[in-house]
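Chain and residue survey
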Amino acid sequence: MIKLWNMPKITLLLIVSLLAAVAGAQAQKVQLIDKQATRETKALYQNLWRLSGKHTLFGHQHATEYGHGWAGEAGRSDVKSVTGSHPAVIGVDFSGFSGSSPEAMERAKEAVRQNVVDTYNRGGITTVAWHFNNPVSEGGFYWKDSVSLPAVKYIIPGGEAHAQYKVILNGIGEWAHSIKGEDGALVPVIFRPYHEFDGDWFWWGKAHTSREDFIQLWRFTVTYLRDSLQVHNFIYAFSPDNRFNSEAEFLERYPGDDWVDMVGMDNYADVGRDQYDIETATRKLKIVSDYAVKKKKLAAFTETGLESIPNKTWWTKTLLPILKAEGMRLAYVLVWRNDIWSPTHYYAPYPGHGSVPDFMEFYHDPFSLFEKDLGAIYKRKKFLGVF
């Protein structure tokens, strides 16, 4: 047996330092709420935690499906046309998975499946929003007075449409089992249901359901997908809009740490849509980041952006200072989509746009990561026994 006190002092110091580093790194290890999560899902989660210590990944909604003036071109995105790389995070949506004909739903599922698989095969990451058409009334996913019904109370356990909701979740579960990469592995995705619930514009919004019913809906959704349908490639993200000013307000409808992997927020209002208030945007996002660090979860700026990007230095003078704020730890930031037809509804630059030079500065900043920067994001990093 080796006696530490008989070792040379320098050797002893090195061993003590290494043990301390291992202990500190282990203390920072994060765990998914799904103990049966796939190897690739666990690796993605822990690698995002590792990267978020020094970087933030850039994301764009519907980036590879369509863009400013184009649609359905393989290998294309407006971000890639500008920078040479796709965004690190690609946003897709389950909006077409219910509420239409069986044929239309199957086409939607296949299109999203192919997009997710292609992203995985390139080494990118997918986050899934759910603009869920009201399952018990007309009105779509938005709340429409005199048309929409407050569907949450209908679809939770005990509600008259609960069986119908389970059928919809069965379709999502089947889809989750179908997304396999060229390596044969199930593709991990960040699933972000019922976003912006603190506003009133969606039927699941605060004015249309109680706190208790919303939490029950969230917990049932996670439990049914994970435990009943054996979906083990989802990372569950919780993201209100920006209508909070304290951790207590942020957590008002939080379902609990056992049902959430990632916390985030959507905020367009404070970054140029309604006002330029970097201090407020940073403070609110820091509440999210601080909670994630405290609870060993991931945090993200789940939606933001400035429509049409009229501020040509928005990327480095508004967004980047928020992301780089002291103590901020974010896995990714995602800007909204570039519409095919609209001349004004876009949130990422396209070739020739006036903000391209500033976006290129944002792109070249070592802090921001794009798809080409990710490397083996789905492989565990064996460093000091942590990954």
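Coordinates for the structure precede this section.
The structure reproduced in this document is the subject of the present report. (Residues numbered from 1 in each chain as written. Predicted model: local features only at pLDDT ≥ 70, side-chain atom pairs only at ≥ 80, totals over all residues. Heavy atoms only, no water.)

On to the packing of aromatic side chains, then. Counted by the stated rule, this structure contains 46 aromatic pairs. Between the aromatic rings of tyrosine 254 and tyrosine 291, the centroid separation amounts to 5.5 Å while the plane-to-plane angle is 80 degrees, which identifies the pairing as edge-to-face. Pair noted here: tyrosine 254 is in the loop between helix 8 (247-250) and strand 8 (262-266) and tyrosine 291 is in helix 9 (residues 278-295), with a separation of 37 residues, a long-range link. Judged by relative accessible area, tyrosine 254 falls into the buried class, the value being 8%. On the accessibility criterion, tyrosine 291 (4% relative accessible area) is buried. A centroid spacing of 4.7 Å and a plane angle of 70 degrees characterise the contact between tryptophan 315 and phenylalanine 359, whose relative ring orientation is edge-to-face. Taken as a pair, tryptophan 315 in helix 10 (residues 314-323) and phenylalanine 359 in helix 11 (residues 356-364) lie far apart in primary sequence, 44 residues in all. Taking relative accessible area as the criterion, tryptophan 315 reaches 0% and is therefore assigned buried. Taking the ring centre of phenylalanine 97 as reference, the NZ or CZ of lysine 109 above it sits at 5.9 Å. (Phe/Tyr/Trp six-rings, centres within 6.5 Å; stacked < 30°, edge-to-face > 60°. Helix = DSSP H or I, 4+ residues; strand = E, 2+ residues; numbered from the N terminus. Buried < 20%, exposed > 50% of the residue type's maximum accessible area, 1.4 Å probe, protein only. Lys NZ or Arg CZ within 6 Å of the ring centre and 35° of its normal.)

The next thing to look at is unusual backbone geometry. Look at histidine 62: it is not a glycine, yet its phi comes out positive at around 55 degrees. Tracing the backbone through its elements, the reader meets histidine 62 in the loop between strand 1 (56-61) and strand 2 (66-67).

So, on to the pattern of salt bridges. Enumeration according to the criterion identifies 16 salt bridges in this entry. Between lysine 284 and aspartate 270 there is a salt bridge; the shortest N-O distance is 3.6 Å. Of this pair, lysine 284 sits in helix 9 while aspartate 270 sits in the loop between strand 8 and helix 9, placing them 14 residues apart in sequence. The burial state of lysine 284 is the same as that of aspartate 270; both residues are buried. Overlapping salt bridges bring together Arg192, Asp266 and Glu303 as one network. (Salt bridge = Lys/Arg side-chain N within 4 Å of Asp/Glu carboxyl O.)

Our next topic: the pairing of strand 8. A regular strand places its side chains so that they alternate between the two faces of the sheet. Most of strand 8 is tucked away, with five of its five residues classed as buried. Side chains Met262, Gly264 and Asp266 of strand 8 all project onto a buried face; the interleaved residues Val263 and Met265 project onto the opposite face, where all are buried too. With two bridges connecting them, strand 7 (residues 234-238) and strand 8 associate as parallel partners. Bridged to phenylalanine 238 within strand 8 is valine 263. Pairing of strand 8 with strand 9 (residues 298-304) involves five bridges; the strand directions are parallel. (Pairing = 2+ DSSP bridges.)

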